[in-house]
Amino acid sequence: MSKYEELIQKDLEYIWHPFTQMKDFEEHKPIVIDHGKGIYVYDLKGNKYIDAVASWWVNTLGHSNDRLNKALCDQANKIEHILLAGFTHEPAITLAQKLVEISPEPLKKVFFSDNGSTAVEVAIKMAYQYWVQVGKPEKSKFVAIKNSYHGDTLGVVSIGGCDLFHKLYKPLLFDIEQSPSPYCYRCPMGKEKGKCNFECAYAVEDILKKESHNIAGMVVEPMIQGSGGMIIYPPEYLKIIRELCDKYDILLIDDEVAMGFGRTGKFVACEHADITPDIMCLAKGITAGYMPLAVTLCTQKIYDAFYDDYEKTKTFYHGHSFTGNPLACAVAVENLKILEEEKIFEKNQPKIKHFGKKLQEFYKLPNVGDVRHLGMIGAVEIVKDKKTKEPFPFEKRVEMEIYREGLKNGIIMRPMGNTFYFMPPYVITEDEIDLMLDIAYKSIEKVLSVSL
Ligand SMILES: *Cc1c(COP(=O)(O)O)cnc(C)c1O
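Student: What am I meant to see in the packing of aromatic side chains here?
Tutor: Two measures describe an aromatic ring pair: the distance that separates the ring centres and the angle between the ring planes. Across all of its chains, the model carries 12 aromatic pairs by this definition. Note on F111 and F316: the rings are 5.1 Å apart at their centroids and 70 degrees apart in plane angle, and the pair reads as edge-to-face. One end of the pair, F111, is in strand β4 (residues 107–113); the other, F316, is in the loop between α11 (300–304) and α12 (326–341), and 205 residues separate them in sequence. Since its relative accessible area comes to 14%, F316 is described here as buried. Judged by centre distance (4.9 Å) and plane angle (70 degrees), the ring pair of Y130 and W131 falls under edge-to-face.

Student: Where do I start with the site of the ligand in this structure?
Tutor: Every residue close to the ligand is listed here: W57, N115, G116, S117, Y149, H150, G151, E221, D255, V257, A258 and K284. At a separation of 2.5 Å, an oxygen atom of the ligand approaches a polar side-chain atom of S117. In this structure, an oxygen atom belonging to the ligand sits 2.6 Å away from a side-chain N or O atom of K284. Computed on the free molecule, the ligand has an accessible area of 380 Å², of which 84% lies beneath the protein chains in the complex. Here the residues of the shell around the ligand sort into four nonpolar, five polar and three charged.

Student: When you look at the packing of helix α9 (residues 199–211) against helix α10 (residues 235–247) in this model, what are you seeing that I'm missing?
Tutor: A pair of packed helices is characterised by two quantities: the angle between their axes and the separation of those axes. In contact at an axis separation of 9 Å, α9 and α10 are set at 15 degrees when each is read in the N-to-C sense. Taken together, α9 and α10 sit at an angle that is classed as roughly parallel. For the crossing formed where α9 meets α10, the hand is right-handed. Residues C200, A201, Y202, V204, E205 and L208 of α9 touch α10, and the partners they reach there are Y237, I240, I241, L244 and K247. Considered class by class, the residues forming the contact of α9 with α10 number nine nonpolar, no polar and two charged.

Student: I tried to follow the sheet that holds strand β16 (residues 419–422) on my own but got confused; where do I start?
Tutor: The strands making up a sheet are joined through hydrogen bonds of the backbone, oriented either antiparallel or parallel. The antiparallel open sheet is built from three strands, whose spatial order is β13-β14-β16. Because the sheet does not close on itself, it has two edges, and the strands there are β13 (368–374) and β16. Direction aside, neighbouring strands of the sheet carry axes that sit 15 degrees apart on average. Here strand β14 (residues 377–382) pairs with β16 via four bridges, running antiparallel. Bridge pairing in β16 links G378 to F422. Each of β13, β14 and β16 touches helix α13 (residues 344–359); the most contacted strand, β13, lies at about 175 degrees to it.

Student: Help me understand the pairing of strand β1 (residues 33–37) in this model?
Tutor: On a regular strand, one side chain projects to one face of the sheet and the next to the other, so that they alternate. In terms of strand pairing, β1 meets strand β2 (residues 40–43) through four bridges, oriented antiparallel. The residue bridging I33 from the neighbouring strand is D43, located in β2. Hairpin remark: β1 followed by β2, antiparallel, with two residues in the connecting loop; positive phi at G38, about 60 degrees.

Student: Honestly, a nonpolar patch on the surface in this entry has me stumped. Any pointers?
Tutor: On the surface, L154, L168, Y169 and L172 cluster together to form a nonpolar patch covering roughly 430 Å² of accessible area. Looking at the secondary structure, you find L172 in the loop between α8 (163–166) and β6 (177–179). On the basis of relative accessibility, which here comes to 56%, the residue L172 falls in the exposed class.

Student: I'm lost on the side chain of K358 in this one. Help?
Tutor: Within the secondary structure, K358 is located in helix α13. Taking the relative accessible area as the measure of exposure, K358 reaches 13% and is therefore buried. Side-chain polar atoms of K358 contact the side chain of D438, separated by 2.9 Å. Residues in contact with K358, not counting those within four places in the same chain, are D434, L437 and D438.

Student: Mind showing me how you'd approach the sheet that holds strand β3 (residues 48–51) here?
Tutor: If you walk across this open sheet you meet the four strands as β1-β2-β3-β15, and the pairing is mixed. On the outer flanks of this sheet lie β1 and β15 (411–412), each paired with one strand and no other. Note that β2 and β3 share three bridges and pair antiparallel. Looking across to β3, one finds that V41 is bridged to Y49.

Student: Explanation requested: the pattern of salt bridges in the structure shown.
Tutor: One side chain can pair with another of opposite charge once the charged atoms of both are near each other. Inspection of every chain in the model, using the stated rule, returns 25 salt bridges. Where K314 meets D308, a salt bridge forms, and the shortest distance between an N and an O atom there is 3.0 Å. Linking D438 and K358 is a salt bridge whose minimum nitrogen-to-oxygen distance equals 2.9 Å. Of this pair, D438 sits in helix α15 (residues 430–451) while K358 sits in helix α13; the two residues are 80 residues apart in sequence, bridging distant segments of the chain. Relative accessible area serves as the criterion here: at 29%, D438 is assigned to the partly exposed category. One continuous salt-bridge network, built from bridges that share partners, spans R67, E334, E341 and E342.

Student: Looking at this model, I keep getting lost on the packing of helix α4 (residues 66–76) against α12. Mind explaining?
Tutor: At a minimum axis separation of 9 Å, α4 and α12 run at an interaxial angle of 150 degrees. Judged by the inter-axis angle, α4 sits roughly antiparallel to α12. Remark: the crossing between α4 and α12 carries right-handed chirality. Contacts from R67, L68, A71, L72, Q75 and A76 in α4 reach P326, L327, A330, V331, E334, N335, K337, I338 and E341 in α12. Tallied by class, residues from the contact of α4 with α12 come to nine nonpolar, two polar and four charged.

Cut-offs and rules
- Residues numbered from 1 in each chain as written.
- Predicted model: local features only at pLDDT ≥ 70, side-chain atom pairs only at ≥ 80, totals over all residues.
- Heavy atoms only, no water.
- Phe/Tyr/Trp six-rings, centres within 6.5 Å; stacked < 30°, edge-to-face > 60°.
- Helix = DSSP H or I, 4+ residues; strand = E, 2+ residues; numbered from the N terminus.
- Buried < 20%, exposed > 50% of the residue type's maximum accessible area, 1.4 Å probe, protein only.
- Near = heavy atom within 4 Å.
- Polar contact = N/O pair within 3.5 Å; in protein donor to acceptor, adjacent residues only side chain to side chain.
- Areas by Shrake-Rupley, 256 points an atom, 1.4 Å probe, with all protein chains shown as cover.
- Nonpolar A, V, L, I, M, F, W, Y, C, P; charged D, E, K, R; others polar.
- Axes fitted to C-alpha atoms, helices over the stretch in contact; angles between N-to-C directions.
- Parallel < 35°, antiparallel > 145°, perpendicular 65-115°, else oblique.
- Left-handed = near helix turned anticlockwise from the far one by under 90°.
- Contact = heavy atoms within 4.5 Å.
- Pairing = 2+ DSSP bridges.
- Patch = residues over 30% accessible without salt bridge, like charges linked within 9 Å, V, L, I, M, F, W, Y side chains within 5 Å.
- Salt bridge = Lys/Arg side-chain N within 4 Å of Asp/Glu carboxyl O.

Following this line, the structure appears as structure tokens:
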């Protein structure tokens, strides 16, 4: 047996993979990745793949970046971990200062954790405790949006709105108010894209008119509902939500876990709408894909509601073993330095233009219903029938076939339902954008010309 086959066999024996029906693996074996460089990863057999999904949206500067490698090793030689209660360290301090400096103005304090779900859990707990401590404990509910995804722990599953991932756990979840999704291609308000008065945003006001005295905050994924299917919506929606949060005195929680660190072309996506949140969560791109790290930032006003004499028990009783891990913080600091010194966001601008233009070619395919683009994200939604927008049936798994065809042709693209997306590392060149999209185009074309 080759080393490759041996590894596969052991994997199937011991590992339970995330978001994976393990029975599928018996037929479609996992791919053993050995190393990576830039936008490419290489398997143990020597096959090369374009990482078009940035390894679940975390990789921004390409695989095995020399400067990040060095920052990680240097820090490992100093101190790998120290608890952040009663102790602190330079990487965490430098990172927190830099994050406050580049984040929207009112955000002043940084709370560390180690993954996106937890960063949002922290935001929810912080928002609720804030209201308790300013004398409004009845404000305990949250507004969240249909098709939202904020992670997989139970608190954030409660505010999630993707039935496939979330519905089963309903008996374990807390109650929320759910507002309609700003899904322009399939408008829940029955309107046509570009010809509406943002009825989906004003639907939030109907909730707040009745319920705002019980509501602590509203949680949004800014500009794009990611896992819900890369649903890109106009900035006006966010502007309206910010106004409503002010008008009805509730906190706006901005989940930038997926979109922060330049993914949409700006440092954080809420900048597109020129709004500022009360609480903001960052994770995925924070260490450029190296280490698990997350932060929740809040305003001085929220922080002050926790600041009091010890015996008043207003402490925020939350923390994790790896809170503010020095290795992760050191890499995150170096990541910010690279973004600044190498002018990554500026260099992305022409690539973003090129990417958006090239994506339009997908409309030529008879089964592409919608093409969406913002910054370094592109998405194509596949339909069985362009006129009725009817998707292919769930059990036919057409998208999975396209995924596998893509792998054969050297591209990693994981569909979310009937949507394919492209979220390459920023180090991609314009020629590589063409290559990535051409391979994806041909893979979709090939599978759908057969299964029709
Ligand atoms: C991925 C994601 C999360 C969860 O982050 P994890 O690190 O996977 O726990 C939360 N919010 C959004 C918007 C995400 O895309």
